Amino acid sequence: MSNPLLKLDGVSVNYGRIEAARAVSLEVHEGEFVSIIGSNGAGKSSTLKAIAGVVKPVAGAITYAGKQVHGRGPHEMVACGIAMVPEGRYVFADQTVEDNLILGGYIHAQRKGVASLRGDIDRIYDLFSRLKERRLQAAGSLSGGEQQMLAIGRGLLSKPRLLMIDEVSLGLAPKVLDFLFPVLKELNRQGLAILLVEQLAVQALSVTTRAYVMENGRITMSGPSAQLAGNPAVMEAYLGKAA
Ligand SMILES: Nc1ncnc2c1ncn2[C@@H]1O[C@H](COP(=O)(O)OP(=O)(O)OP(=O)(O)O)[C@@H](O)[C@H]1O
Ligand SMILES: [Mg+2]
């Protein structure tokens, strides 16, 4: 296989004395759709935050597109081509839908001007027509599912090669996932690498091709998603909690 787009080698994240992620090693290849599953407090978000440059690992190495990137801040990671849709979405509630999208494209707007974003924003509206209808509405007035669409759209406007999504399902009705997951699948089909963090193991394994299972800060299992979905140990450990 070619060199991975993203590689974590023994990455550990601490919060004071709490060891949130312990010696995490994982890879995402160009154009892959990978998930990290695991129950509450397993260390999934901490791992994504380390990749996004939001927290600094206390040990290990992170390589992206062949370069050592650990220690870089979040802005640098976005500029490198990694976008993160954080847990809880965090849209700018008082700003309009369109302004939230413009903010997502700020790196490109800085280089080429806001007008250059028009085509990119229209592509997001093609993907999520509900956002187009609500483009002048305050983001805070959107439903949870629509806010998730906006958060994903905002992430896409930084033109990432790797999109990381933390807990896409959080607080949403299962019906919304029936819509969001096919969109993610289509984006992946177009070549975008996606790293999806989920507590809902069955759903995550059904949409991704490969997955890592996290437990108490460590990766405990990994493999093709279909294989993990059929593994009684995965089912036993996680599905009960995820249901
Ligand atoms: N800012 C923080 N300060 C202190 N401890 C933290 C902080 N963030 C996370 N932790 C702790 O680190 C551990 C891992 O948390 P993390 O958020 O990475 O888990 P998670 O797998 O994303 O869980 P969830 O599915 O509930 O989102 C937990 O024990 C959590 O309490
Ligand atoms: Mg989390």
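These remarks concern the structure in this document. (Residues numbered from 1 in each chain as written. Chains lettered and ligands numbered in written order. Predicted model: local features only at pLDDT ≥ 70, side-chain atom pairs only at ≥ 80, totals over all residues. Heavy atoms only, no water.)

1. Here we look at the overall build of the protein
Item 1. Along the backbone of the protein there are eleven helices and ten strands.
Item 2. Here the C-alpha atoms of the protein give a radius of gyration of 17 Å, agreeing with the 18 Å that 2.2 N^0.38 yields for 243 residues.
Item 3. For the C-alpha atoms alone, the extent of the protein along its principal axes is close to 50 × 40 × 40 Å.
Item 4. Counting every position in the protein, which comprises 243 residues, the buried fraction comes to 50%.
Item 5. Surface exposure of the protein reaches about 11300 Å², of which carbon and sulfur atoms provide 51%.
Item 6. Here the protein holds 26 positive side-chain charges and 22 negative ones, and the gap between their average locations is 3 Å. (Helix = DSSP H or I, 4+ residues; strand = E, 2+ residues; numbered from the N terminus. Rg over C-alpha atoms; globule rule 2.2 N^0.38 Å. Buried < 20%, exposed > 50% of the residue type's maximum accessible area, 1.4 Å probe, protein only. Areas by Shrake-Rupley, 256 points an atom, 1.4 Å probe, with all protein chains shown as cover. Lys, Arg positive; Asp, Glu negative; His and termini not counted. Charge placed at Lys NZ, Arg CZ, Asp CG, Glu CD.)

2. Let's talk about the side chain of Ser12
Item 1. With respect to the element layout, Ser12 can be found in strand β1 (residues 6–15).
Item 2. Given a relative accessible area of 14%, Ser12 falls into the buried group.
Item 3. Separated by 2.9 Å, the side chain of Ser12 and the backbone nitrogen of Ala23 make a polar contact.
Item 4. Setting aside residues no more than four positions away along its own chain, Ser12 makes contact with Ala21, Arg22, Ala23, Pro57, Val58 and Ala59. (Polar contact = N/O pair within 3.5 Å; in protein donor to acceptor, adjacent residues only side chain to side chain. Contact = heavy atoms within 4.5 Å.)

3. Side note on the coordination of the magnesium ion (ligand 2)
Around a metal, the perfect tetrahedron of four donors has angles of 109.5 degrees, and the perfect octahedron of six donors has angles of 90 or 180 degrees.
Item 1. Protein ligation of the magnesium ion (ligand 2) involves Ser45 (OG) and Glu87 (OE), the donor distances falling in the range 2.0 to 2.2 Å. Of this pair, Ser45 sits in helix α1 (residues 44–52) while Glu87 sits in the loop between β6 (82–85) and α3 (97–104), placing them 42 residues apart in sequence.
Item 2. Ser45 sits in the buried class, given a relative accessible area of 16%. (Donors = N, O, S within 2.8 Å, 3.2 Å for Na, K, Ca; no water.)

4. Re the sheet that holds β1
Item 1. Strand order in this open sheet of four strands is β2-β1-β4-β5, and the pairing throughout is antiparallel. Bordering the open sheet on either side are β2 (18–28) and β5 (67–68), each of which pairs with just one other strand.
Item 2. Relative to β2, β1 runs antiparallel, the two being bridged by seven bridges. Opposite Leu6, over in β2, you have Val28 as the bridge partner.
Item 3. Strand contacts of α1: β1, β2 and β4 (59–64), with the helix running at about 115 degrees to β1, the strand carrying the most contacts. (Pairing = 2+ DSSP bridges. Axes fitted to C-alpha atoms, helices over the stretch in contact; angles between N-to-C directions.)

The quantities given are spatial measurements derived from coordinates; they are silent on function.
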